[in-house]
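# What the coordinates show
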Amino acid sequence: MTTTFEKLKAGDAIDGPAFAVSRESIRLFCDASLDYNPLHLDDEYMKGNFGKTNFGGIIMHGMNNFGLISRMITDWAYPAGAIHRRLETRWVKPVRPGDTIQPSGIIKAKQVTEKSRWVLIDVVVKNQTGEKVATGEALVEFPRDLFCQ
Amino acid sequence: MAEAQAFETDFWKDANLRKVWDEIVPGEPRKTIPYTLTKDAIELYCKSVGETHPIYFDEAYARTTRYGGLIAPPSIHILLMFSCTPADDWMRSPGTVNAGQSWSYHVPARPGDVITLQARALDKFIKRERLFVVHDNVFFNQKGDVICSGRGWTIRPM
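Below is a summary of the structure that appears in this document. Only a predicted model underlies this, so the values are computations on that prediction, with no experimental measurement involved.

### Quick look at helix 2 (residues 62–77) of chain A
- The end-to-end C-alpha distance of helix 2 of chain A is 23 Å, a good match for the 22 Å that 16 residues give at a rise of 1.5 Å each.
- In terms of burial, helix 2 of chain A is largely enclosed, as 15 of its 16 residues are buried.

As structure tokens, then:
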């Protein structure tokens, strides 16, 4: 069923893709993003403390969560002719090799403005035990000149 | 991947050239470099997060869409942040921890775009013994159109 602005209502759910995190997936994200921060590469470095925090080993890029949420939003928006306009996120827990993470969203509100129509979406990424690793909010525009894809 | 080969992947190298929290001046522009976004770079980024939508890969399909041709995923700014900044940029300091961000999207980036960045630290503060810097960034294409703008919080290494 094609999503339309009219049919959407608060509480509607969006399911995102499950993503298996491995040392290889983290290394691939380094190469794709050019972010070679040793947080994601260097086990020896990660044995140390970061202020009061000890991660105990390499962690996934927080922005990998961001990329997955963005993928969920665009894959949901494109068929409806809608446009991903904003994403705000913060990280709640580190993600490690061996974790499986999955983003999801819940429609929070709809807004009609002078020139367009907007949908606010609460987003979350959870790990395999159901813990939240990232939270945020997305904004999707449903232009009146719908151009469905 | 010519771009990736030219890129210094050892973030410890040149670490002494990068500004520490004390030296970062809110409001002062960061040095940036223009970057030509390639189809290969977009495809590698897509692979890393599992993007499979044909609008990023299939020219014939992309021509039938609102965008009239191939585009990059909105989150391509994750790559642009590093490809548009030099090796001594403080965002590369080992131990920099991303604490959150918001990004707004205007026109999509496309393969072949020559992308420029205007960026600065906007604020810095101390909270619970941690050193924070707020950075703000706007990416433009070669026509001067805004691709996206974003603001982020990082915790600086101590």
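Once the structure has been displayed, the description carries forward.
### Here we look at helix 1 (residues 23–33) of chain A
- What helix 1 of chain A keeps buried is the set A:Ile26, A:Phe29, A:Ala32 and A:Ser33. For helix 1 of chain A, the buried positions fall inside an angular range of 125 degrees around the axis, keeping them on one side.
- Contacts made by the buried residues of helix 1 of chain A are with helix 2 of chain A together with helix 2 (39–49) and helix 4 (77–83) of chain B.
- With its phi angle positive at about 65 degrees, A:Leu34 sits one or two positions after the end of helix 1 of chain A.

### Digging into the interface of chain A and chain B
- Between chain A and chain B, the contact holds 36 residues from the first and 37 residues from the second.
- For the side of chain A that touches chain B, the elements supplying multiple residues, two or more each, are helix 1, helix 2 and strand 3 (83–91) of chain A.
- Split by residue class, the side of chain A that touches chain B holds 17 nonpolar, 11 polar and 8 charged.
- Where strand 3 of chain A meets strand 2 (residues 97–105) of chain B, 4 bridges bridge the pair, whose relative direction is antiparallel. Directly across from A:Arg86, in strand 2 of chain B, lies its bridge partner B:Ser104.

### As for unusual backbone geometry
- Even without being a glycine, A:Leu34 presents a positive backbone phi close to 65 degrees.
- Along the chain, A:Leu34 falls in the loop between helix 1 and helix 2.
- At B:Arg128, a position not held by glycine, the phi torsion is positive, near 45 degrees.
- With respect to the secondary-structure elements, B:Arg128 resides in the loop between strand 3 (114–127) and strand 4 (130–140).

About the criteria used
- Residues numbered from 1 in each chain as written.
- Chains lettered and ligands numbered in written order.
- Predicted model: local features only at pLDDT ≥ 70, side-chain atom pairs only at ≥ 80, totals over all residues.
- Helix = DSSP H or I, 4+ residues; strand = E, 2+ residues; numbered from the N terminus.
- Expected span 1.5 Å × (residues − 1).
- Buried ≥ 20, exposed ≤ 12 C-beta atoms within 10 Å, placed from the backbone.
- Arc of directions from axis to C-beta.
- Contact = placed C-beta atoms within 7 Å.
- Nonpolar A, V, L, I, M, F, W, Y, C, P; charged D, E, K, R; others polar.
- Pairing = 2+ DSSP bridges.

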